[in-house]
Each structure stands twice: as structure tokens, then as C-alpha cells.
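What follows is the residue order along each chain.
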Amino acid sequence: MIQNHPHRAGTDLRAEFGRCLVHRGSILLKSWSLRQTRRGSRWVFADVPIDGKPGSTIDVVFSLEGDQAKRSINPMLHEKWKDWREGEYNVEDRYGLWLCKDFIPVARKNNWVAERSEWTKYHAFVNCQDLRLTASRSNIDNTPGADLAAIQKTVERVFKERITGDSKFQKYQEELEKQQQYRNAKAEESDFEKRKKAALKKKAASFKDLTLLEPRQEGGVFSIVMQLLAVQPDLFRFSIVDYDTAFGYDLLVTQDTALDLNRAALRFVEMKFELQRDFNHSFSKLAAVICWDTKLANEDLVKDMTGARRRMKITSPKVDTTLKYQKYMLVSDTEQHNIEVFVLTDFLKEALGCEFRPRAQSQ
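Quick caveat: nothing in here was measured; it's all calculated off a predicted structure.

The subject of this paragraph is the side chain of Ser 56. Locating Ser 56 in the fold gives a position in the loop between strand E2 (40–49) and strand E3 (57–64). Looking at Ser 56, the relative accessible area reads 11%, which means it is buried. Once residues within four sequence positions are removed from consideration, Ser 56 is found in contact with Val 48, Pro 49, Ile 50 and Asp 130.

Quick look at the structure:
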């Protein structure tokens, strides 16, 4: 029940927004403000217009709080190795990015501002009166997909343009990197041996003068693609305009031959280690997906972040003899453009003759 939500205890969100928004007429709050407290760093943004929805706004409170800061102000956080007390909860249950209506937290959307576990350092709230709640007010499932996509786009823009570029946030990132560094030489040596054993078990393939290593995660897929494009730029039938693997789509590309980028039609390409049924981006401006593998079968449905669905269409060269490799397409019954999925396990072998095999000791 919402009445028992952990955010209703302790620091009250309505009061927090109230303190920030009571002076809505101030020029400072209509742009943004930042203050340092013992809780960490905090940004406040009032009346931020929602992209593509004239007249609609969001209010944002975004805080960075380290573990010590959290526990200094929140005695209900459970401590490891201690008995549980009534009402306690873990950091993972409370922190992150919360969507709110009427200044009451309803649903978490951590992936809007983080792709890994760094969201546990975020104590962030986005209030939007355009959210449509279910009768129990426990989720936002009644919100139209297009509205939710517009809110997400706005939140991502605010986070990227107004927060991550700020010197306070950059300092936080530097400190976080220090925390994640090896704490002692013994740990480093142990990790080295683990990585060495894992690396020797990796399969490899040769293409022209390249040695391609079998990936274990999305970053490995990105590495393979960049290596291939360096020696064969027209391999995927698009040209890279920009790339950013830290946030949002991975590649901004054009499929036009025109040299004037201002006139070129730009689209996105997303990379995945494994393409699954739930796709955490929108299909609307997507040109292609490049993944290492997928378990999706022909006619399986894939749903994007707006709720739009596409069918996986798999065509074998045995059926269409004009194809050089097994083709995967995300097709729509309502949209004109279809999205090609390059499944590298098939594509590299069938289109380029690259077969991944265990490496010899000399490799």
C-alpha cells in the first residue's frame, strides 16, 4: 500500500518539494539550484517543460548520497550481519529514481539514469501530474506509452545536460572510481589470475588482419563492431556519426550517402549482448540492433519501452537464396520501417566466414 511506502517516513517528499517549490516565481528555481549538505549533493529543478508535451512539466529533486551519509540520516537502513529490526529495509529497496504523482513516490525507473548499480547512490524524485495511476495508486500502468516516453526523454535530458556535467557530479564520479579501484595488491593479483584463466578460455576468430575475441558482455560486442568497421566501413550499411555507450542509444548513424550531415536522416543503433523480449529503448528512431546472440524464435514478440510491439521475422538463405546470411528483422504491422537485427554469432560466420574456435597457446 502507498500509505506504508518507506518514503512516507523520515524525510517527507511533499515537504522536500514544498521547500523547493514554495518560491516558484524565483529565477533561480526556474533554472536550477544546487546545495551541499551533509547528505551529499542535491540538485533541484522546478517546472521543467516535458519534451513534446506543451503545458506539461515535471519537478525534480536529485541527490547523491554515499553510504555513510545515508546511514547518518536514516536509521532504518539495515546493516549487514545484524539482526533485522521491524520496519528496516535495504538500500536497494529504497534508493534510486522514483516517479511521483501528488508528490508521493509510485514507481522506480532506475534505468532512466543508470545502467548499473550506481543508482543505489541516487536519491531522486520526479513529480509529474500527467501520470495516470491505477485504482490502487500503486503503479503507473495507465499512463499512455507516448506520455511515459516523453517524460523519460525529459528526465534523461535533465540528467545529462544539467547534472552529469556539473563539477559536483564529476567529483562524485571520480570518488566512485577510487572506491572501485583495487584496495590492495593481493586483491589485484587474485583478479589478475581470474581474468587470465577466463581470457585463455575465450574463443577467437580471424578476419583479415584482425583477431576477434568472443565477448562476454555488451562492451565486447561494441569492441568487435568497431574493429570490423575499421577494416570494412560499409559492413552494416550505415555510417557512424557519433557514439556513446554510457547512456542512451549506443550509436548515432546515417544510412545516407550525402556528405551534409545537416540534411542526412539520422537514426540510432543499439548493441546488446543478448536480444530479449523486453527492449529498453524506443523502436521509433531505431535503424538496427547488433547483438551477440538471441534466443528469440521466428514470430516472437519484442516490446519496447513505450509498449510498442514488433515481431521477430527470421529468414534463412535456404528460403531466400539472395541472402548471404540468416536475416533477423523486427517487423511492424503499423510502421513503415523495419529494424534489422545483426546476430553476430550467425552474421560473422555466414557473411564473413569467421568461426570462433578455442585459441591455441601461441595466440
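Once the structure has been displayed, the description carries forward.
In this structure, Ile 58, Phe 62, Tyr 122 and Phe 169 are the most contacted members of the largest nonpolar core, which totals 33 residues. Going through the elements one at a time, E2, E3, strand E4 (96–101), strand E5 (104–108), strand E6 (122–127), helix H5 (145–163) and helix H6 (167–180) are the ones with two or more residues in this core. A total of seven residues in this core trace back to one element, the largest contributor, which is H5. Those residues in contact with Phe 62 that lie beyond four places of it in its chain are Ser 41, Arg 42, Trp 43, Tyr 122, His 123, Ala 124, Phe 159, Ile 163 and Phe 169. By size, the runner-up hydrophobic cluster in this structure holds 29 residues, among which are Ala 205, Phe 238, Leu 344 and Cys 354.

What the three strands build is an open sheet, ordered E8-E7-E17; its pairing is antiparallel. For this open sheet the edge positions go to strand E8 (210–213) and strand E17 (357–358), each flanked by a neighbour on one side alone. Where strand E7 (residues 203–207) meets E8, four bridges bridge the pair, whose relative direction is antiparallel. Note that in E8 the partner of Ala 205 across the bridge is Leu 212. Docked against the sheet, helix H8 (residues 218–231) engages E7 and E8, running at close to 160° with respect to E8.

All right, on to the packing of H8 against helix H9 (residues 344–352) then. Helix-helix packing is described using two parameters, namely the angle between the two axes and the distance between the axes. For the pair H8 and H9, interaxial distance at closest approach is 13 Å and the crossing angle is 25°. In terms of orientation, H8 lies roughly parallel with respect to H9. In this structure, H8 crosses over H9, and the sense of that crossing is left-handed. Listed contacts from H9 to Val 221, Ile 224 and Leu 228 of H8 are Leu 344, Leu 348 and Leu 352. Split into classes, the residues belonging to the contact of H8 with H9 amount to six nonpolar, no polar and no charged.

Consider a sheet: its strands pair through backbone hydrogen bonds, and that pairing is either parallel or antiparallel. Read from one edge of the open sheet, eight strands run E9-E10-E11-E12-E16-E15-E14-E13, paired in mixed fashion. Strand pairing shows two members of the sheet lacking a second neighbour, strand E9 (239–243) and strand E13 (301–303), which therefore form its edges. If you compare each strand with its neighbour and ignore which way they point, the axes differ by 30° on average. Bridging between E9 and strand E10 (residues 251–254) involves four bridges; their strand directions are antiparallel. Looking across to E10, one finds that Ile 240 is bridged to Val 253.

Moving on: the packing of aromatic side chains. This model, assessed by the stated rule, comprises 14 aromatic pairs. Note on Phe 222 and Tyr 243: the rings are 5.7 Å apart at their centroids and 55° apart in plane angle, and the pair reads as tilted. Note that Phe 222 is positioned in helix H8 and Tyr 243 in strand E9, a separation of 21 residues in sequence. Aromatic side chains Phe 236 and Phe 238 sit 5.8 Å apart centroid to centroid with 15° between the ring planes, which places their arrangement in the stacked category. Across this residue pair, the class does not change: Phe 236 and Phe 238 are buried. Each member of the aromatic cluster is reached from another via a ring pair, and the members are Trp 43, Phe 62, Tyr 122, Phe 159 and Phe 169. Its end group placed over the ring of Phe 279, Lys 272 keeps NZ or CZ at 5.7 Å from the ring centre.

Scoring rules and cut-offs
Residues numbered from 1 in each chain as written. Predicted model: local features only at pLDDT ≥ 70, side-chain atom pairs only at ≥ 80, totals over all residues. Heavy atoms only, no water. Helix = DSSP H or I, 4+ residues; strand = E, 2+ residues; numbered from the N terminus. Buried < 20%, exposed > 50% of the residue type's maximum accessible area, 1.4 Å probe, protein only. Contact = heavy atoms within 4.5 Å. Core = buried A, V, L, I, M, F, W, Y, C linked by side-chain atoms within 4.5 Å. Pairing = 2+ DSSP bridges. Axes fitted to C-alpha atoms, helices over the stretch in contact; angles between N-to-C directions. Parallel < 35°, antiparallel > 145°, perpendicular 65-115°, else oblique. Left-handed = near helix turned anticlockwise from the far one by under 90°. Nonpolar A, V, L, I, M, F, W, Y, C, P; charged D, E, K, R; others polar. Phe/Tyr/Trp six-rings, centres within 6.5 Å; stacked < 30°, edge-to-face > 60°. Lys NZ or Arg CZ within 6 Å of the ring centre and 35° of its normal.

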